[in-house]
Amino acid sequence: MSTETQAPSQPPVRIKPGNIQLDPNGKLRHFIAIEGLPKTVLQEILDTAESFASAQDQREKKFELLKGHTIANLFFEPSTRTRTTFELAAKRLSADVLNINISASSSSKGETLLDMLRNLEAMHVDMFVVRHGSSGAAHFIANNVAPHVSVINAGDGSHEHPTQAMLDMFTIRQHKPDFPSLRVAIVGDLMHSRVARSQIHALNTLGVGELRVIGPQTLLPAGIEKMGVQVYQDIEAGIRDVDVIIMLRLQRERMNGAFIPSQGEYFRLYGMTEKRLALAKPDAIVMHPGPINRGVEMDSAVADGPHSVILEQVSNGIAVRMAAMAMAMRNLDGSSAA
Amino acid sequence: MSGPRIHIQGGRFIDPANGIDADNDIWVADGKVAAIGTAPDGFTADQIIDASGQVICPGLVDLSARTREPGQSDKATIASETRAASHAGITTLVCPPDTNPVIDSAAVVELIHHKAREANCSRLLTLGALTRGLEGETITAMHTLKGAGVVGMSNASQPVKNSLVLSRAFEYAATHDLTVFVRPDEPDLSQGGCVHEGPLATRMGLPGIPEAAETVAVAKTLELIEKTDVRAHFSQLSTARAAHMIARARHDGLKVTADVAVHHLYLTEVDIRNFDSACHLLPPLRSEQDRDGLRECINNGMIDAICSDHQPHEPDAKQAPFPDTAPGLSGLDTLLPLVLRLADERVLSLSDAIKTVTHTPASILGLDCGQLAISSAADLCIFNPAESWFVNTDTLNSRGHNTPFMGWEMHGRATHTLVDGRITFSNQDD
């Protein structure tokens, strides 16, 4: 190797900046994060979901859009709701579905994540739906899959859970379609919530009028105000006159001294009760990504009451996931044909 | 000691310790600098190095470089990394004690020194473990370790949680006139974190390491330094606030010094975007204010030295979701050009920039190298300041290719390196 006349040859080899989620035409290729997606793409997801949702009430719920495609649900963390709705969504699009639950024990066999991906690709899997405990896992997988494979993030660490946020947007739109006129509050464990991060990006991209986050300082991550939210530590001030209240789940291991002193004190300070709900707009809706800790995040009277849209969120989850899968796969098929 | 008789012709000679920056020829004999400027009487050179258009300076002294041996020779070896060091103009490396086995016995010190002698490239020095197995429970046989050749004590990146143990370790190190190297980290505050705590960590959902993890550790360590009167060196500061605390303590009379890893003078948390695992480092890349503050501290002397904090990894170690990857970067190859760039960017004069990686780290270690007075050891780096090169897998000599500077254009590259008057690298040989 001569160092004297070294030509500045090789271009930088780095992960390219820019949006790995979009193809060169700006169409959805992977669905990894809400951050970085333009409003048009979010609206397209909602509109596509709308068309699937209207079909759900009919007896024949199936579409043949993904016939012959194989989708692998790769779940490195346990999940019931998200995994089953992804599975149903894939089946309603006529895809073949592989459910792979990777427990700690099987990853301790020493197989790396990359080896696992290569093996599944060799089985001609077309799409990975991934849930992983580490933030950035979906990015990592999307950066490493073959060009014909699409990746959908079903939750990575505390980073994002984009399909959950889109089903929440879908639910809000059904009740209150004019986002710029809305005041929305997100209550609880913002620190660890991937759902909250995706919701914040989605609500801001869709142009919501005002977005508030409410919680004790131990559950509000540093610099969250830079994400375009107003920070409240007092729930009564925070939910005054809001149109939408989103309650977040508080994981059991974060109660009892780690982040809050006790469930009881948390409920007293941040739990959603009918009395507190009365401070919001009279037609406010209450949401929760589930599963609910009754008596911790909210009273049963609120969870099952007339303002609650929690079960609608669940059924909307199928239509939104169908939309995301269909769009990513269609755009991918389209680009490989071109 | 015998060695080749070398005449280095026509270069710009910069020896910051002795305040020299002038066009001078250098003559080397018997492993030492024989003459500067004027040929010694009757000198016949075995070899002539044409250094015209190049800079001749003391060989670089890197205060923190892992060679991964013993214990992790799948990542790199003493032979591979001391060779890479020579290619990069670094003549002395200091190896932290977190090898496997840990450097807590004379046998491990001897093993490392033996392997380094066999490799016959750059010099490899060792820091001994402050506590046995780095476990923070019992102090090591520091007197024995010193006898075996360690140049200081350190608990590497494993903080000693028990303040009483830490205090006694400092006292015992002071008893044996050993410098203690501390990488400040309060483990309860940094626990589980992998990036700087702030808006970016929040946005990416990555667990953060607050500034306080460093400043709390510095505050506690400073108190114990004062109490025990040990000589201490803070390694790899990442926050401007910690640097100011240390400078204040030094102003008040404490025997403390500090270094910064060169990448903390260039990169910030923003470089992590897209979850680039090459930027997974401990201490983490901090805010822009920290980066600029650390540059100021290098400029005004509050931070004394610059190191590479070299931590080579095999490719697989960085191939995983960001938090699951191994922290650390491979830094030997980029140390010299990044330090030179501080002069280009007017943070330091060229001579002062060179000083931060030569004379200053050598004095922190209590060593004579890092300067080129007549009859000092001929540890020399000759570099071409104008040579431009790109960081890529072909240009890196370290076994580790894990660098966030991949693709960057660098200016300045070693052309010859001499250790004890022996040519350990010459670009003519490659």
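Being a predicted model, the structure only gives us computed values, none of them experimental. (Residues numbered from 1 in each chain as written. Chains lettered and ligands numbered in written order. Predicted model: local features only at pLDDT ≥ 70, side-chain atom pairs only at ≥ 80, totals over all residues.)

1. Quick look at the overall build of chain A
Next, step 1: The number of helices and strands found in chain A is twelve helices and nine strands.
Next, step 2: A compact globule built from 338 residues would reach a C-alpha radius of gyration of about 20 Å, and chain A, at 21 Å, matches this within 12%.
Next, step 3: Each of the three principal axes of chain A carries a C-alpha extent, and together these read 70 × 60 × 40 Å.
Next, step 4: Within chain A, buried positions represent 46% of all 338 residues.
Next, step 5: Looking at chain A alone, contacts between residues at least 24 apart form 76% of all its contacts between residues at least 6 apart. (Helix = DSSP H or I, 4+ residues; strand = E, 2+ residues; numbered from the N terminus. Rg over C-alpha atoms; globule rule 2.2 N^0.38 Å. Buried ≥ 20, exposed ≤ 12 C-beta atoms within 10 Å, placed from the backbone. Contact = placed C-beta atoms within 7 Å.)

2. Re the overall build of chain B
Next, step 1: A tally of helices and strands in chain B yields twelve helices and 19 strands.
Next, step 2: The C-alpha atoms of chain B give 21 Å as radius of gyration, which agrees with the globular expectation for 430 residues (22 Å, within 12%).
Next, step 3: Seen through its C-alpha atoms, chain B measures out along the principal axes to roughly 65 × 50 × 45 Å.
Next, step 4: Counting contacts in chain B only where the partners sit at least 6 residues apart, residues at least 24 apart contribute 76% of the total.

3. Side note on the domain arrangement of chain A
Residues and elements named next belong to chain A.
Next, step 1: By domain assignment, chain A separates into domain 1 (39-160 + 316-333) and domain 2 (162-310).
Next, step 2: Look at where the C-alpha atoms of domain 1 and domain 2 centre, and you get two points 26 Å apart.
Next, step 3: With 20 residues of domain 1 at the interface, the matching set in domain 2 holds 17 residues.
Next, step 4: In terms of residue class, the side of domain 1 that touches domain 2 is built from eight nonpolar, seven polar and five charged. (Domains from an automatic or database assignment. Nonpolar A, V, L, I, M, F, W, Y, C, P; charged D, E, K, R; others polar.)

4. Focus: the confidence of the model for chain B
Any region with low pLDDT has predicted coordinates that should not be read closely.
Next, step 1: In the predicted model, chain B carries a mean pLDDT of 97, and 99% of its residues have values of at least 70.
Next, step 2: Here the complex is predicted with pTM 0.93, and the ipTM for its interfaces comes to 0.90. (pLDDT = per-residue confidence, 0-100.)

5. Quick look at the sheet that holds strand β14 (residues 232-234) of chain B
Hydrogen bonds along the backbone pair up the strands of a sheet, which may run parallel or antiparallel.
All names here are of chain B.
Next, step 1: Spatial ordering of the open sheet is given by β9-β10-β11-β14-β15-β16, a layout of six strands whose pairing is parallel. Whereas interior strands pair on both sides, the edge strands pair on one side only; in this sheet they are β9 (128-129) and β16 (305-307).
Next, step 2: Across three bridges, strand β11 (residues 180-182) lies against β14 in parallel orientation. Within the sheet, the bridge partner assigned to V180 lies in β14 and is A232. (Pairing = 2+ DSSP bridges.)

6. Considerations on the interface of chain A and chain B
Next, step 1: Between chain A and chain B, the residue contacts involve 33 residues of the former and 30 residues of the latter.
Next, step 2: Among the secondary structure elements, those contributing two or more residues to the side of chain A that touches chain B are α4 (113-122), α5 (137-144) and α7 (194-205) of chain A.
Next, step 3: It is α5 of chain A that provides the largest number of residues to the side of chain A that touches chain B, a total of three residues.
Next, step 4: Looking at the side of chain A that touches chain B residue by residue, the classes come out as 14 nonpolar, 13 polar and six charged.

7. Topic: the pairing of strand β8 (residues 123-126) of chain B
All names here are of chain B.
Next, step 1: Of the two faces of β8, the one lined by R123 and L125 and the one lined by L124 and T126 are each fully buried.
Next, step 2: Pairing of strand β7 (residues 90-95) with β8 involves four bridges; the strand directions are parallel. Residue pairing across strands places C95 opposite T126, the latter belonging to β8.

8. Examining the environment of Q43 of chain A
Next, step 1: You can see Q43 of chain A is positioned in helix α1 (residues 39-56).
Next, step 2: A residue is classified by how many C-beta atoms lie within 10 Å of it, and Q43 of chain A, with 14 of them, is partly exposed.

9. A short note on helix α10 (residues 332-344) of chain B
Because the α-helix completes a turn every 3.6 residues, residues three or four places apart line up on one side.
All names here are of chain B.
Next, step 1: Extensive coverage of α10 is indicated by the burial of ten of its 13 residues.
Next, step 2: Looking at α10, one finds that the buried residues are L332, D333, T334, L335, L336, P337, L338, V339, L340 and L342.
Next, step 3: Just downstream of α10, R346 is the residue with a positive phi angle, here 60 degrees.

10. A look at unusual backbone geometry
Next, step 1: Of note, the bond from E69 of chain B into P70 of chain B is cis; its omega dihedral lies within 30 degrees of zero at 0 degrees.
Next, step 2: Along the chain, P70 of chain B falls in the loop between β6 (60-62) and α1 (78-87).
Next, step 3: For the peptide bond that leads from N100 of chain B to P101 of chain B, omega is 0 degrees, which places it in the cis range.
Next, step 4: Phi is positive for H124 of chain A, close to 60 degrees, though the residue is something other than glycine.
Next, step 5: Following the sequence through the fold, H124 of chain A ends up in the loop between α4 and β3 (127-132).

11. Overview of α7 of chain A
Residue and element names in this part refer to chain A.
Next, step 1: An ideal rise of 1.5 Å per residue puts 16 Å on twelve residues; α7 measures up with 17 Å between its terminal C-alpha atoms.
Next, step 2: Counting buried residues in α7 gives eleven out of twelve residues, a clear majority hidden from the surface.
Next, step 3: All buried positions along α7 are accounted for by R194, V195, A196, R197, S198, Q199, I200, H201, A202, L203 and T205.
Next, step 4: Those residues of α7 that are buried lie in contact with α1, β4 (150-156), α6 (162-175), β5 (183-187), β6 (210-214) and β8 (244-247). (Expected span 1.5 Å × (residues − 1).)

12. Examining the packing of α1 of chain B against helix α2 (residues 106-119) of chain B
Helix packing geometry: the angle between the two helix axes and the distance between the axes.
Residues and elements named next belong to chain B.
Next, step 1: Two elements in contact, α1 and α2, have axes separated by 9 Å at closest approach and are oriented at 55 degrees. Classed by the angle they form, the pair α1 and α2 counts as oblique. Every pair of crossing elements has a handedness; the one defined by α1 and α2 is right-handed. Two secondary-structure elements touch here, α1 through I78, A79, T82 and R83 and α2 through I112, K115, A116 and A119.
Next, step 2: For the contact of α1 with α2, the residue count by class is five nonpolar, one polar and two charged. (Axes fitted to C-alpha atoms, helices over the stretch in contact; angles between N-to-C directions. Parallel < 35°, antiparallel > 145°, perpendicular 65-115°, else oblique. Left-handed = near helix turned anticlockwise from the far one by under 90°.)

13. Quick word on the environment of H87 of chain B
All names here are of chain B.
Next, step 1: Tracing the backbone shows H87 in helix α1.
Next, step 2: Each C-alpha atom of the pair H87 and T424 lies 8.0 Å from the other, and the pair is 337 residues apart in sequence.
Next, step 3: Those residues within four positions of H87 in sequence are excluded, and the remaining contacts are N397, A414 and F425.

14. Quick word on the packing of helix α4 (residues 163-175) of chain B against helix α7 (residues 211-228) of chain B
All names here are of chain B.
Next, step 1: With their axes 9 Å apart at the nearest point, α4 and α7 run at an angle of 45 degrees to one another. Comparing their axes, α7 and α4 come out oblique. Considering how the two elements wind past one another, α4 and α7 form a crossing that is right-handed. Between α4, through S163, L166, S167, F170, E171 and A174, and α7, the contact on the second element is made entirely by K220, L224, I225, K227 and T228.
Next, step 2: For the contact of α4 with α7, the class distribution of residues is five nonpolar, three polar and three charged.

15. Thoughts on the sheet that holds β6 of chain A
Residue and element names in this part refer to chain A.
Next, step 1: Spatially, five strands are ordered β7-β6-β5-β8-β9 in an open sheet, and the strand pairing comes out parallel. The outermost strands of the open sheet, each flanked by one partner alone, are β7 (230-232) and β9 (285-287). The mean angle between the axes of side-by-side strands here comes to 20 degrees, regardless of whether they run parallel or antiparallel.
Next, step 2: In this structure, β8 lies alongside β9, joined through three bridges in parallel fashion. Bridging across to β9, I246 finds its partner in M287.

16. Notes on the nonpolar core
Residues and elements named next belong to chain A.
Next, step 1: Residues F128, I245 and M325 are the most contacted members of the largest nonpolar core, which totals 237 residues.
Next, step 2: Counting residues per element, this core draws most heavily on helix α12 (residues 310-337), which supplies twelve residues.
Next, step 3: Structurally, this core is a two-domain feature, drawing no fewer than three residues from each of domain 1 (39-160 + 316-333) and domain 2 (162-310).
Next, step 4: If sequence neighbours within four positions are ignored, M325 has contacts with L66, A89, A90, L93, M127 and I152. (Core = buried A, V, L, I, M, F, W, Y, C linked by C-beta atoms within 7 Å.)

17. Looking at the confidence of the model for chain A
Next, step 1: Mean pLDDT over chain A: 89, with 91% of residues reaching 70 or higher.
Next, step 2: The low-confidence segment residues 1-17 of chain A, where pLDDT is below 50, has 23 contacts with residues more than four positions distant or belonging to other chains.

18. Remarks on the pairing of strand β18 (residues 409-419) of chain B
Taken residue by residue, a regular strand's side chains alternate between the two faces of the sheet.
Residues and elements named next belong to chain B.
Next, step 1: Burial within β18 is extensive, with eight of its eleven residues counted as buried.
Next, step 2: Sheet topology places strand β17 (residues 380-390) next to β18; eight bridges connect them, and they run antiparallel. Residue pairing across strands places S388 opposite H411, the latter belonging to β18.
Next, step 3: As paired strands, β18 and strand β19 (residues 422-426) are joined by four bridges and run antiparallel to one another.

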